[in-house]
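Letter by letter, the chains look like this.
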Amino acid sequence: MQVCAMSSVATKKIRVMMVDDERITRMFLRDLIESEGKMEVVREAVNGDQAIEMLEAMAPGEIENSIDAILLDLGYNTDGTSGIETGPRIRKLTPTTPI
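Residues numbered from 1 in each chain as written. Predicted model: local features only at pLDDT ≥ 70, side-chain atom pairs only at ≥ 80, totals over all residues. Heavy atoms only, no water.

## Details of the environment of Asp73
On the secondary structure map, Asp73 appears in the loop between β3 (69-72) and α4 (83-93). Each residue touching Asp73, except ones within four places of it in the same chain, is listed here: Val19, Asp20, Asp21 and Gly83. At 3.0 Å, the side chain of Asp73 forms a polar contact with the backbone nitrogen of Gly75. (Helix = DSSP H or I, 4+ residues; strand = E, 2+ residues; numbered from the N terminus. Contact = heavy atoms within 4.5 Å. Polar contact = N/O pair within 3.5 Å; in protein donor to acceptor, adjacent residues only side chain to side chain.)

Below, the structure is given as structure tokens:
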């Protein structure tokens, strides 16, 4: 008799923070990101300032422990900032998280 062992190794989902001022775009991207089951959106911000506030409110080391990548809209947001301006501010808070 042959016995096959089943692997119970759980795969870790990639945790994404999404920054975009368009609600419909965030909804579409969330559905797309989560559709394969390999990634999940763990935080959403509507503009760069809100993203910075959210990240600054996190405890030291918490960003790297809870966010694997940041999806950042490079266009101008409703608050007048662009992702190009916000990116370097995020990089200062989390230099190792891919943006």
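## Looking at the pattern of salt bridges
For the structure on display, the rule yields seven salt bridges. One salt bridge in this structure joins Arg15 and Asp68, with 2.9 Å as the shortest N-O distance. Within this pair, whereas Arg15 is found in strand β1 (residues 14-19), its partner Asp68 is found in the loop between α3 (62-66) and β3, the two being separated by 53 residues in sequence. Exposure remark for Asp68: the relative accessible area of 23% places this residue in the partly exposed category. Of the charged contacts in the structure, one is a salt bridge between Arg30 and Glu44, with a shortest N-O distance of 2.5 Å. Here Glu44 lies in strand β2 (residues 39-45) and Arg30 lies in helix α1 (residues 23-34), a separation of 14 residues in the sequence. Linked by salt bridges that have partners in common, Arg26, Arg30, Glu34 and Glu44 make up one network. (Salt bridge = Lys/Arg side-chain N within 4 Å of Asp/Glu carboxyl O. Buried < 20%, exposed > 50% of the residue type's maximum accessible area, 1.4 Å probe, protein only.)

Geometry only, nothing functional implied.
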